[in-house]
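Breakdown of the fold
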Number of protein chains: 2
Amino acid sequence: MIRLIVVEPEGSYNVGFIARLVKNFEVDEFYLVNPKCKMEEAINFSAQGRDILEKKALIVSAFDDAIKDLDIKIATSSIADNEGDLLRRSIKPWEIGKFISDDKKIGLIFGRESVGLTREEIFKSDFLLHIPGNPAYPVLNLSHAVSIVLYEVYKLRTSSIKNENISNESIKLMELYSRKIIDSLKRSEGDEYMYVVLKRVLLKGVSSEIEAKTIVRLLRKIYVKISIAEGKKVDEIE
Amino acid sequence: MIRLIVVEPEGSYNVGFIARLVKNFEVDEFYLVNPKCKMEEAINFSAQGRDILEKKALIVSAFDDAIKDLDIKIATSSIADNEGDLLRRSIKPWEIGKFISDDKKIGLIFGRESVGLTREEIFKSDFLLHIPGNPAYPVLNLSHAVSIVLYEVYKLRTSSIKNENISNESIKLMELYSRKIIDSLKRSEGDEYMYVVLKRVLLKGVSSEIEAKTIVRLLRKIYVKISIAEGKKVDEIE
């Protein structure tokens, strides 16, 4: 299941083009967070995607309302991989194949034309996707970035070669124990990036359910040991 | 060498967006055949692709002038693969990789928003490229079709560069601390598989040196904590 989320779009032409793309690439859900443009003008650019704007698009007022219930949240940015900024380490459009499956709710999140997504919005997401382009000017127009990502996802969804599926439960448990371990170890706010990196590396690195289950078992063992080191009693450890 | 050719475009916004894409994806040559829209309005949609319109775009009056000197001519269409129509048998965007090389002049040819390319224009080309999409409505807006094809070509042209290098030292340290952690935790020989899985997942999952270094730092922290839990003194921990 693919949910496209566009946060505070400013250009009505982009919203219209994106509605058309939602139809072109059979996106399941389409959320607009607090659009800053005139929706009635968007219709002029939607062609046969008009019914998407009239019936399918869901307008919500807050980012958190748009991302709830998602299994994997993929933020996007035209700015990525700056030296030393861990939050902006990116994955590429063709690398998200392993997360796409019928039983997973995937959110593809695009930001404002002017300033993109905020760091807080990226932090709430699992990955930052970046479309590679001219290093001197990689900044795509919003709806064109959407078209490329939706095209890649459509290709991955309809291709016969699919990656083995990782269960939602294993994904949740990897996140949960990564969270608990980092909470036990962290000394400063800077250490919070260790959580971002650990979660991403594990999600990227596991390529089968049996690997995911082994990682969960290992993370749990580590967490229990660390809790003991901190003086917790065994029956206090969830 | 990639030449983008747009035949009789009707919407100035599309020409503007395409100029921007020419810059985003470093297209070598940009030809417009007999544009039907106001070029000065196109500039409003070109962002930093403005200089492409002003300096790079070459306006010619005939299709044949645009395709001359090309080694491979790839026409595009949203209508393809109709039963029995050999001319419209299509190739997919990711299948053109084999034609792309520095010593070949490749033409990517896009038609009018309203009626696409004529059969004669397709006939003069070597291939017909079609972007797969919703069978009920595969018709992309012109500039969005251009963005997807230019993205695929860019990806194919730069694919040899990809994959950032992880240092041998980080690889060794990830292995070392994975080894130490598992040795501390393992209860039986069966647990040895946790080492194999952890090492592989980390090696598969890290995609930059900064991620690898963060993982090493985290593994070391975990190892120190576990050692303390086992009653080792801090100065005994290597």
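As the structure is a prediction and not an experimental result, all values here were calculated from the model.

Residue and element names in this part refer to chain A. One can read the domain layout of chain A as domain 1 (2–158) and domain 2 (168–236). For domain 1 versus domain 2, the distance between C-alpha centres works out to 29 Å. Taken together, the contacts link 16 residues of domain 1 with 14 residues of domain 2. Both sides of the domain 1 and domain 2 interface together cover about 1300 Å² of buried area, and 56% of this is carbon and sulfur. For the pair domain 1 and domain 2, the number of links is one salt bridge. Here Asp 126 makes a salt bridge to Lys 199, at a shortest N to O gap of 3.0 Å.

On the side of chain A, 61 residues touch chain B, which itself brings 63 residues to the contact. Summing both partners gives a buried area of about 5700 Å² for chain B against chain A, and 67% of it is carried by carbon and sulfur. Three residues stand out in chain B for area buried against chain A, namely B:Tyr137, B:Tyr151 and B:Lys225, and they jointly supply 13% of the buried area on that side. The partner of B:Asp191 in a salt bridge is A:Lys221, with the nearest N and O atoms 3.8 Å apart. Linking chain B with chain A are 31 residue pairs in polar contact (both at pLDDT 80 or more). Put simply, the parts of the chain that give the side of chain B that touches chain A at least two residues each are helix H1 (12–24), helix H6 (142–158), helix H7 (168–185), helix H8 (192–205) and helix H9 (209–229) of chain B. With 11 residues, H9(B) is the single largest residue contributor to the side of chain B that touches chain A.

An ideal rise of 1.5 Å per residue puts 24 Å on 17 residues; H6(B) measures up with 24 Å between its terminal C-alpha atoms. Among the 17 residues of H6(B), 15 are classified as buried, and the element is accordingly described as predominantly covered.

Attention now moves to the environment of B:Ile74. Residue and element names in this part refer to chain B. Topologically, Ile 74 is positioned in strand E4 (residues 72–76). Here Ile 74 falls in the buried class, since its relative accessible area comes to 0%. Apart from the residues lying within four places of it in its own chain, the contact partners of Ile 74 are Ile 96, Ile 106, Gly 107, Leu 108, Ile 109, Phe 127 and Leu 129.

It is worth spelling out unusual backbone geometry at this point. Of note, the phi angle at A:Glu8 is positive, near 45°, even though the residue is not glycine. You can see A:Glu8 is positioned in the loop between strand E1 (2–7) and helix H1 (12–24). In this model, B:Asp69 sits at a positive phi of 75°, which is unusual for a non-glycine residue. Note on placement: B:Asp69 falls in the loop between helix H4 (63–67) and E4.

Now for the side chain of A:Asn141. By the secondary structure assignment, A:Asn141 is in the loop between strand E6 (127–129) and helix H6 (142–158). A polar side-chain atom of A:Asn141 sits 3.0 Å from a polar atom in the side chain of A:Asn14. In this structure the side chain of A:Asn141 is engaged in a polar contact, spanning 3.2 Å, whose partner is the side chain of A:Ser143. If we skip the residues at most four places from it in the chain, A:Asn141 touches A:Tyr13, A:Asn14, B:Phe17 and B:Arg20.

Take the packing of H7(B) against H9(B) next. Residue and element names in this part refer to chain B. Taken N-terminus to C-terminus, the directions of H7 and H9 make an angle of 25°; their axes are 9 Å apart at the nearest point. Taken together, the axes of H7 and H9 are roughly parallel relative to one another. In the crossing of H7 with H9, the sense of the turn from one axis to the other is left-handed. On H9, the residues that touch Ser 170, Leu 173, Met 174, Tyr 177, Ser 178, Lys 180, Ile 181, Ser 184 and Leu 185 of H7 are Glu 209, Ala 212, Lys 213, Ile 215, Val 216, Leu 219, Arg 220, Ile 222, Tyr 223 and Ile 226. Taken together, the residues of the contact of H7 with H9 sort by class into 12 nonpolar, three polar and four charged.

Before going further, it helps to examine the nonpolar core. Counting residues in hydrophobic clusters, the biggest one holds 126 residues, and the most contacted among them are A:Leu4, A:Phe30, A:Ile96, A:Leu108, B:Leu4, B:Phe30 and B:Leu108. Sorting elements by how many residues they give to this core places H6(A) first, with 10 residues. Excluding residues that lie within four positions of it along the chain, B:Phe30 makes contacts with B:Leu4, B:Val6, B:Ile18, B:Ala19, B:Val22, B:Ile52, B:Lys56, B:Ala57 and B:Leu58. Core analysis: the next-biggest nonpolar cluster, separate from the first, contains 17 residues, A:Ile5, A:Val7, A:Tyr31 and A:Ile67 among them.

Reading guide: rules and limits
Residues numbered from 1 in each chain as written. Chains lettered and ligands numbered in written order. Predicted model: local features only at pLDDT ≥ 70, side-chain atom pairs only at ≥ 80, totals over all residues. Heavy atoms only, no water. Domains from an automatic or database assignment. Contact = heavy atoms within 4.5 Å. Buried area = accessible area lost by both parts, 1.4 Å probe. Salt bridge = Lys/Arg side-chain N within 4 Å of Asp/Glu carboxyl O. Polar contact = N/O pair within 3.5 Å; in protein donor to acceptor, adjacent residues only side chain to side chain. Helix = DSSP H or I, 4+ residues; strand = E, 2+ residues; numbered from the N terminus. Expected span 1.5 Å × (residues − 1). Buried < 20%, exposed > 50% of the residue type's maximum accessible area, 1.4 Å probe, protein only. Axes fitted to C-alpha atoms, helices over the stretch in contact; angles between N-to-C directions. Parallel < 35°, antiparallel > 145°, perpendicular 65-115°, else oblique. Left-handed = near helix turned anticlockwise from the far one by under 90°. Nonpolar A, V, L, I, M, F, W, Y, C, P; charged D, E, K, R; others polar. Core = buried A, V, L, I, M, F, W, Y, C linked by side-chain atoms within 4.5 Å.

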